[in-house]
Amino acid sequence: MPDATQVFADHRELLFSIVYNMLGSVADTEDVLQETWLSWSSANQDRIDHPRAYLVRIAVNQALAQQSALRRRRETYVGSWLPEPLVTAADAADHAVRADTLSLALLVVLETLTPLERAVFILHEVFAYPHTEIAAMIDRRPAAVRQLAHRAREHVQARRPRTQVDPHLQKQVTERFVAAAFGGDLQHLMELLAPDVTLWSDGGGKSNAAGPRPIRGRDNVARVLIASAAQPLDGLDVQYRQVNGDPCAVLFVENAPYAVMVVDLNPDGSLVRDVYTVSNPDKLAHVPEGTAE
C-alpha cells in the first residue's frame, strides 16, 4: 500500500475543494484538513479498503462539526460576512485554478442553507457523489439525503438560476465597471448596473473600504462607488485576476492587497446585479502580492 503521507497528499486538493466550498474560509479549511490528517495517520491503513472514501467522509464530518462554531463567530462579525476569496496569481496558468471551487456569488447563496443541505448539495451537485454514498458519509438514510438534495437544489435555483456567463464577457464588463467606478463616470456606471443591484462589502470592522451593511438599488450603489473613488489612495493599483475561477479586480496599495472586487452579472451578462468587495485584511492574507505592470 502507498505511504500514508503520499495517499493524503494525492487527495488533498479534493479535500480542500470540498471543505472550502462547505465553509468559505481558507483558515478553517486548513484546520479541518489538519484534523483529517491526524485521523488518517493514526488509523490502521491495512483495514481501509477505499482511502479516498475514508478521507472524504472524515473531512466532511469535521467540516460539519466546525459549522456551529463558524455560525457563532459570524453572529458577532462586524458588517456583512462574505466568503474568503481564492485569488489566482497573475502568472498562474488556467489549469492552476481549482476547477471545483464555486463562485463567490454561489457561495453567498449556499450560506443560506443548513449545514447538511449545503454538504449534500456540494457533494452531489459539484462532485457528483450519488445519494447512497453521501448517506453513508453523513450517517443518514438515502431517502433523507435525497430530500435534503431536493430542498437545497430548489433553494439555490430560486435565488441563483444555473447560468454560465461567458468568462470573456464577464472580464469585459468587469473592466468597464471598474473604469467607470474609479474614473468617476456616473452615467456609464448607471448603464452597467441592474435596477436592483446590491453592493456587499466585507471589511470585518478592520477596513475603511467597507460599510456596515449592504447597499441596494442602482442610484445608491452608483453614488457610493463614485464617492469612494473621489478619495483615491496613494499607490493604488488595480489588477485583474481570477477569483474562485471568475475574472475579478484586485486592488493593491504599494503591492499589498487592499481589496478584492467581484462583479456578478445577470443571466445574459448585460448588467451587474451584485458587487462583492472583500477588504478584511484577514481574508486577504492568501492573496498573491501585486506585480508591476
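Chemist: Explanation requested: helix α3 (residues 51–75) in the structure shown.
Modeler: Since the α-helix advances by 3.6 residues per turn, residues separated by three or four positions end up pointing in the same direction. The terminal C-alpha atoms of α3, which comprises 25 residues, lie 36 Å apart, in line with the 36 Å expected from a rise of 1.5 Å per residue. At Q67, α3 shows its maximal kink, close to 30 degrees. For α3, the elements touching its buried residues are α1 (4–23), α2 (26–42), α5 (115–126) and α6 (131–138).

Chemist: Looking at this model, I keep getting lost on helix α7 (residues 142–159). Mind explaining?
Modeler: Here α7 contains 18 residues, and its C-alpha end-to-end distance of 26 Å stays within 8% of the 26 Å for a straight helix at 1.5 Å per residue. If you check which residues of α7 are buried, you get V145, L148, A149, A152, H155 and V156. End-on view of α7: buried residues confined to an arc of 135 degrees, all on one side of the axis. Summarising the contacts, the buried residues of α7 are in contact with α4 (104–110), α5 and α6.

Chemist: Honestly, the packing of aromatic side chains in this entry has me stumped. Any pointers?
Modeler: The description of an aromatic ring pair rests on the distance of the ring centres and on the angle between the ring planes. Enumeration according to the criterion identifies four aromatic pairs in this entry. Summarising the aromatic geometry, the rings of F16 and Y20 are spaced 6.1 Å apart at their centres and angled 5 degrees between planes, so their arrangement reads as stacked. Placement of the pair is F16 and Y20 together in helix α1, with a separation of four residues, close to one helical turn. When its relative accessible area of 2% is taken as the criterion, F16 is described as buried. One residue, K171, lies across the ring of Y240, its end atom 5.8 Å from the ring centre.

Chemist: What am I meant to see in the nonpolar core here?
Modeler: One broad rule of soluble globular proteins: the nonpolar side chains tend to lie buried together. Counting 47 residues, the largest nonpolar core has I18, M22, V56, V60, L110 and Y129 as its most contacted members. Every element with two or more residues in this core is listed here: α1, α2, α3, α4, α5, α6 and α7. Counting residues per element, this core draws most heavily on α1, which supplies 10 residues. Counting 23 residues, the second-largest nonpolar core is a separate cluster that includes F177, A249, L251 and V263.

Chemist: For this particular structure, what's the right way to read the pairing of strand β1 (residues 193–202)?
Modeler: Consecutive residues of a regular strand have side chains that alternate between opposite faces of the sheet. Burial analysis of β1 places eight of its 10 residues in the buried class, which makes it a mostly covered element. In this structure, β1 lies alongside strand β2 (residues 215–216), joined through two bridges in antiparallel fashion. Opposite T198, over in β2, you have R216 as the bridge partner.

Chemist: I tried to follow the pattern of salt bridges on my own but got confused; where do I start?
Modeler: Where charged atoms from two side chains of opposite charge come close, those side chains can pair. Inspection of the entire model under this criterion finds 10 salt bridges. Put simply, E111 and R74 hold a salt bridge, and the shortest N to O gap is 2.7 Å. Within this pair, whereas E111 is found in the loop between α4 and α5, its partner R74 is found in helix α3, the two being separated by 37 residues in sequence. Close ionic contact of E175 with K171 constitutes a salt bridge, the shortest N to O distance being 2.3 Å. Of this pair, E175 and K171 are both found in helix α8 (residues 167–183), four residues apart, which corresponds to roughly one turn of the helix. Taking relative accessible area as the criterion, E175 reaches 28% and is therefore assigned partly exposed.

Definitions and limits used
- Residues numbered from 1 in each chain as written.
- Predicted model: local features only at pLDDT ≥ 70, side-chain atom pairs only at ≥ 80, totals over all residues.
- Heavy atoms only, no water.
- Helix = DSSP H or I, 4+ residues; strand = E, 2+ residues; numbered from the N terminus.
- Expected span 1.5 Å × (residues − 1).
- Bend = angle between axes of the 7 residues up to and from the residue.
- Contact = heavy atoms within 4.5 Å.
- Buried < 20%, exposed > 50% of the residue type's maximum accessible area, 1.4 Å probe, protein only.
- Arc of directions from axis to C-beta.
- Phe/Tyr/Trp six-rings, centres within 6.5 Å; stacked < 30°, edge-to-face > 60°.
- Lys NZ or Arg CZ within 6 Å of the ring centre and 35° of its normal.
- Core = buried A, V, L, I, M, F, W, Y, C linked by side-chain atoms within 4.5 Å.
- Pairing = 2+ DSSP bridges.
- Salt bridge = Lys/Arg side-chain N within 4 Å of Asp/Glu carboxyl O.

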